[in-house]
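This is what each chain is made of:
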Amino acid sequence: DAKTTQPPSMDCAEGRAANLPCNHSTISGNEYVYWYRQIHSQGPQYIIHGLKNNETNEMASLIITEDRKSSTLILPHATLRDTAVYYCIVRVAGEGGTASKLTFGTGTRLQVTL
Amino acid sequence: DGGITQSPKYLFRKEGQNVTLSCEQNLNHDAMYWYRQDPGQGLRLIYYSQIVNDFQKGDIAEGYSVSREKKESFPLTVTSAQKNPTAFYLCASSWAGTAGGYTFGSGTRLTVV
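All residue numbers refer to positions counted from 1 along the written sequence of the respective chain. A letter from A marks each chain and a number from 1 marks each ligand, given out in the order of writing. Only residues with pLDDT of 70 or above have their local features reported here, since the model is predicted, and side-chain atom pairs are shown and tallied only from 80 upward, although totals for entire chains, interfaces and linings are computed over all residues. Here the side-chain values reflect all heavy atoms present in the structure, with hydrogen atoms and water set aside.

Caption draft 1: Fine view of the overall build of chain A. On a plain count of helices and strands, chain A comes out with zero helices and nine strands. Here the C-alpha atoms of chain A give a radius of gyration of 14 Å, agreeing with the 13 Å that 2.2 N^0.38 yields for 114 residues. Projected onto the principal axes, the alpha-carbon positions of chain A cover approximately 45 × 30 × 25 Å. The rule is simple: take the accessible area with a 1.4 Å probe, protein chains only, and divide by the maximum for that residue type; under 20% is buried, over 50% is exposed, in between is partly exposed. Per-residue burial for chain A yields a buried fraction of 44% across its 114 residues. Considering only contacts within chain A whose residues lie at least 6 apart along the sequence, 58% involve residues at least 24 apart. Under the convention used here, a 1.4 Å probe and the Shrake-Rupley method define accessible areas, while residue burial counts only the protein chains that appear. Carbon and sulfur atoms make up 48% of the accessible area of chain A, which totals about 5,900 Å². In chain A, the 10 positive side-chain charges and the 10 negative ones have mean positions that sit 4 Å from each other. Strands here mean DSSP runs of E at least two residues long; helices mean DSSP runs of H or I at least four residues long; both are numbered from the N terminus. For the radius of gyration, the atoms used are the C-alpha atoms, and the globule rule reads 2.2 Å times the number of residues raised to 0.38. Contact definition: two residues touch when any of their heavy atoms are within 4.5 Å. For this count, His and the chain ends are skipped, Lys and Arg are scored as positive, and Asp and Glu as negative. Positions of charges follow a simple convention, taking NZ of Lys, CZ of Arg, CG of Asp or CD of Glu.

Here it is in structure tokens:
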């Protein structure tokens with residue numbers, strides 16, 4: 001699996017956009033980029049994933065560079081409840097009906113402040 | 001509502017005792033996973049299962065055992081051979097063969113005294 005590099009921590013003012021970067025320079029052509037977040041003492045929550053194109057859902061937007069070596073998760077209007085550890089993971093989808101294992105690093109701790 | 005349930009939320013055991021953590025899902029997911037998380041660390045994969053009656057070791061399987069007798073259930077036993085069992089344990093499930101995301105349970109915090 002390709003490795004990812006994320007800053008250990010970031011701050012964001014409430015109401016502003018939070019832009020969380022992730023480098024994955026060794027990503028392969030068939031590897032997806034996943035984002036999860038974990039609020040203290042809870043299970044991680046799936047946010048979004050993508051392969052090549054930018055993606056948007058009700059929680060966030062995912063911007064993947066054209067060379068796919070980096071991506072940015074955007075929380076458009078951060079709130080205090082978005083304070084969490086955010087994990088960027090790259091992994092090939094399961095093939096032939098096999099499961100897709102995800103490997104979690106230490107992530108980025110996002111602190112949203114008033 | 002569909003989801004994945006872990007029980008209990010907190011568990012205390014004496015050193016040397018085996019303990020079993022429960023994980024049940026009603027999402028009809030094929031695959032299930034167990035992760036361990038230590039303070040300030042990321043998640044590490046213990047075991048995973050893609051279908052009933054089949055499972056594979058993850059990165060830190062020593063001292064743990066699992067079973068998958070039913071699609072909905074994937075219990076984890078922490079044995080006395082696990083040298084540092086105190087940790088936060090997370091169970092997850094997903095569809096196999098897709099790029100879809102995992103659904104995680106709320107975790108069990110195991111403390112061995």
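Caption draft 2: Representation of the packing of aromatic side chains. Under the pairing criterion, centres of Phe, Tyr and Trp rings, with the six-membered ring standing for Trp, must be within 6.5 Å; the plane angle then separates stacked pairs below 30 degrees from edge-to-face pairs above 60, leaving the rest tilted. With the rule as written, the count across this model stands at 14 aromatic pairs over all chains. With a centroid separation of 5.7 Å and an interplanar angle of 70°, the aromatic rings of Tyr36 of chain A and Tyr46 of chain A are classed as edge-to-face. Of this pair, Tyr36 of chain A sits in strand S3 (residues 31-38) while Tyr46 of chain A is found in strand S4 (residues 45-50), placing the two residues ten residues apart along the sequence. With a relative accessible area of 0%, Tyr36 of chain A lands in the buried category. Note on Tyr46 of chain A: relative accessible area 27%, which makes it partly exposed. Ring plane angle 80° and centroid distance 5.9 Å describe the contact between Tyr47 of chain B and Phe55 of chain B, whose orientation is recorded as edge-to-face. For Tyr47 of chain B, a relative accessible area of 7% corresponds to the buried category.

Caption draft 3: Region of interest: the nonpolar core. Only buried residues count toward a nonpolar core, which is a set of Ala, Val, Leu, Ile, Met, Phe, Trp, Tyr and Cys residues joined through side-chain atoms within 4.5 Å. By size, the foremost hydrophobic cluster in this structure holds 21 residues, and its most contacted members are Trp35, Leu73, Tyr86 and Leu110 of chain A. For this core, the elements supplying multiple residues, two or more each, are strand S2 (18-23), S3, S4, strand S6 (61-64), strand S7 (70-75), strand S8 (84-92) and strand S9 (108-113) of chain A. By size, the runner-up hydrophobic cluster in this structure holds 19 residues, among which are Ile4, Leu21, Ile46 and Cys91 of chain B.

Caption draft 4: A look at the pairing of strand S3 (residues 19-25) of chain B. Residues and elements named next belong to chain B. Burial along S3 is one-sided: Val19, Leu21, Cys23 and Gln25 are buried, while Thr20, Ser22 and Glu24, pointing the other way, are not. The pairing of strand S1 (residues 4-7) with S3 spans four bridges and is antiparallel. Looking at S3, one finds that Ser7 is bridged to Ser22. Between any two strands, pairing holds if DSSP finds at least two bridges. Sheet analysis places S3 next to strand S8 (residues 76-78), joined by three bridges and oriented antiparallel.

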